[in-house]
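# Reading the structure
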Amino acid sequence: MPQSTDTNRRFVLAERPKGEPNDQTLRLETVDIPEPKDGQMLLRTVFLSLDPYMRGRMSDAPSYAAPVEIGQTMVGGTVSRVVSSKLEGFKEGDWVVGFTGWQDYALSDGRGVTPLGANPSHPSWALGVTGMPGFTAWSGLKQIGKPKAGETLVVAGATGPVGSTVGQIGKILGLKVVGIAGGPEKCAHATDTLGFDACIDYKADGFANALKQAVPDGIDIYFENVGGEVFDAVAPLLNTAARIPLCGLIAQYNATSLPDGPDRLGWLMGLFLKKRVTVRGFIVFDDFGHLYPEFSKEMAGWVEAGKIKYREEMIDGLEQAPSAFIGLLRGEAFGKRVIRVGPDD
């Protein structure tokens, strides 16, 4: 069913998933379109971002942000048009980026909303390279990775919206960049289009040895957003004083128990101690939000100059969002996965 001017479709959390989300996790509802009051505006969603952090919001385990409650609209970043406004500074037709969730329409009082102007050239990119994923890549690498020209950077999820940007920034800053991705097509994209020095297929036999061969001088910076077996291959290759910006662990988001095998926590802590490794997890806007204007200016310049390439995977229809999200967690996405919810006019 396409977006309507009469009703508001929304996906709400129906139940908390145990392991991977399924067809019962989210429920599609149809409700009335809300009316803005004084100090509010009505937004119509055009693009919805799909991101791994959403899996954590489906759980009620303690985390850095409150979980989505049962029956509540699923959270998510959006690019929208202003339908009507009783809020100073916003008028009908304006483009904005915000956090209005998996639905057609939402009221906003302007908090957490960023204007994109009347005619942005690539509005959906505000959910990717010029938005939160790009900012995550830029701030994590520059503020935690502290790169120095000539060092070796390894980045997991190398063709995703964060990893692809991390690697390209690394090349701009004079690093040797080795990506890790799933499958020959993604690895070819990392080297041939994104300009990585090498990309290792973690699904191929001999992955750990291939990674070792690709980094003969060891790893100075490892940008972590995957975890699991990928990190197992990375850890022995870390150099003294290596830095690990940690923004996600997608390999374990659907886990319901600890992995089988011996307890390796002591070994890992010993490794970090002996090699004086810095590991810092970060939540980008909480930790580095004050740097967003600097990021926005620098990233816009790189994109305009063609120094940063960006791949977007556009999927039509709000009803496709649940299956597209499950596929994202399985590693099926190739580039930034975005749902086109409604028309852009």
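Report follows, based on the coordinates. In this text, all values refer to a predicted model and were calculated from it rather than measured experimentally.

## Regarding the overall build of the chain
- Per the secondary structure count, the chain includes 10 helices and 15 strands.
- A compact globule built from 345 residues would reach a C-alpha radius of gyration of about 20 Å, and the chain, at 21 Å, matches this within 12%.
- The dimensions of the chain, computed from C-alpha atoms along their principal axes, are 60 × 45 × 35 Å.
- Within the chain, the proportion of its 345 residues that are buried is 50%.
- Within the chain, contacts between residues at least 6 apart in sequence are counted, and of these 67% link residues at least 24 apart.
- With the model as given, the accessible surface of the chain reaches about 16,200 Å², and the carbon-plus-sulfur share is 51%.
- Side-chain charges of the chain comprise 35 positive and 41 negative groups, with the mean position of each set lying 6 Å from the other.

## Thoughts on the sheet that holds strand β8 (residues 152-156)
- Read from one edge of the open sheet, 6 strands run β10-β9-β8-β11-β12-β13, paired in parallel fashion. The open sheet has two edge strands, β10 (198-201) and β13 (278-281), and neither has a second partner. Averaged over all pairs of adjacent strands, the angle between strand axes in this sheet comes to 15°, irrespective of strand direction.
- Direction of pairing for strand β12 (residues 238-246) relative to β13: parallel, over a ladder of 4 bridges. By the bridge assignment, Arg-243 is partnered in β13 with Thr-278.
- Sitting on the sheet, helix α4 (residues 184-192) touches β9 (176-181) and β10, and the angle it makes with β10 is about 170°.

## Focus on the environment of Asn-225
- Summarising the element assignment, Asn-225 is placed in the loop between β11 (219-223) and α6 (228-234).
- Judged by its relative accessible area of 12%, Asn-225 is buried.
- Separated by 63 residues in the primary sequence, Asn-225 and Val-162 have C-alpha atoms spaced 8.5 Å apart.

## Concerning the packing of aromatic side chains
- A full pass over the atoms with the stated rule returns 14 aromatic pairs.
- Both rings, one in Phe-285 and one in Tyr-292, keep their centres 5.7 Å apart while their planes meet at 35°; by these two values the pair is tilted.
- Under the relative-accessibility criterion, Phe-285 is labelled partly exposed at 42%.
- Here the aromatic residues Phe-135, Trp-138, Phe-285, Tyr-292 and Phe-295 are joined through ring pairs into a cluster of three or more.

## Description of the side chain of Thr-25
- Looking at the secondary structure, you find Thr-25 in the loop between β1 (7-13) and β2 (26-32).
- Judged by relative accessible area, Thr-25 falls into the buried class, the value being 1%.
- At 2.9 Å, the side chain of Thr-25 and the backbone nitrogen of Asn-22 are in polar contact.
- Each residue touching Thr-25, except ones within four places of it in the same chain, is listed here: Val-12, Leu-13, Ala-14, Glu-15, Pro-17 and Met-58.

## A closer look at the nonpolar core
- Counting 33 residues, the largest nonpolar core has Leu-153, Val-166, Phe-223 and Met-299 as its most contacted members.
- Going through the elements one at a time, α2 (132-145), β8, α3 (161-172), β9, α4, β11, α8 (284-288) and α9 (292-304) are the ones with two or more residues in this core.
- Per element, the largest residue contribution to this core is 5 residues, and it comes from α2.
- Among the nonpolar cores identified, the runner-up in size contains 26 residues, and Ala-214, Val-215, Phe-231 and Phe-272 belong to it.

## Digging into the pattern of salt bridges
- Under the defined criterion, the tally for this structure stands at 16 salt bridges.
- Here Lys-171 makes a salt bridge to Asp-197, at a shortest N to O gap of 2.9 Å. Of this pair, Lys-171 sits in helix α3 while Asp-197 sits in the loop between α4 and β10, and the two are 26 residues apart along the sequence.
- You can call Asp-197 partly exposed: its relative accessible area is 42%.
- Three or more residues joined by partner-sharing salt bridges are found here, namely Arg-9, Asp-104 and Glu-319.

Reading the values: the criteria
- Residues numbered from 1 in each chain as written.
- Predicted model: local features only at pLDDT ≥ 70, side-chain atom pairs only at ≥ 80, totals over all residues.
- Heavy atoms only, no water.
- Helix = DSSP H or I, 4+ residues; strand = E, 2+ residues; numbered from the N terminus.
- Rg over C-alpha atoms; globule rule 2.2 N^0.38 Å.
- Buried < 20%, exposed > 50% of the residue type's maximum accessible area, 1.4 Å probe, protein only.
- Contact = heavy atoms within 4.5 Å.
- Areas by Shrake-Rupley, 256 points an atom, 1.4 Å probe, with all protein chains shown as cover.
- Lys, Arg positive; Asp, Glu negative; His and termini not counted.
- Charge placed at Lys NZ, Arg CZ, Asp CG, Glu CD.
- Pairing = 2+ DSSP bridges.
- Axes fitted to C-alpha atoms, helices over the stretch in contact; angles between N-to-C directions.
- Phe/Tyr/Trp six-rings, centres within 6.5 Å; stacked < 30°, edge-to-face > 60°.
- Polar contact = N/O pair within 3.5 Å; in protein donor to acceptor, adjacent residues only side chain to side chain.
- Core = buried A, V, L, I, M, F, W, Y, C linked by side-chain atoms within 4.5 Å.
- Salt bridge = Lys/Arg side-chain N within 4 Å of Asp/Glu carboxyl O.

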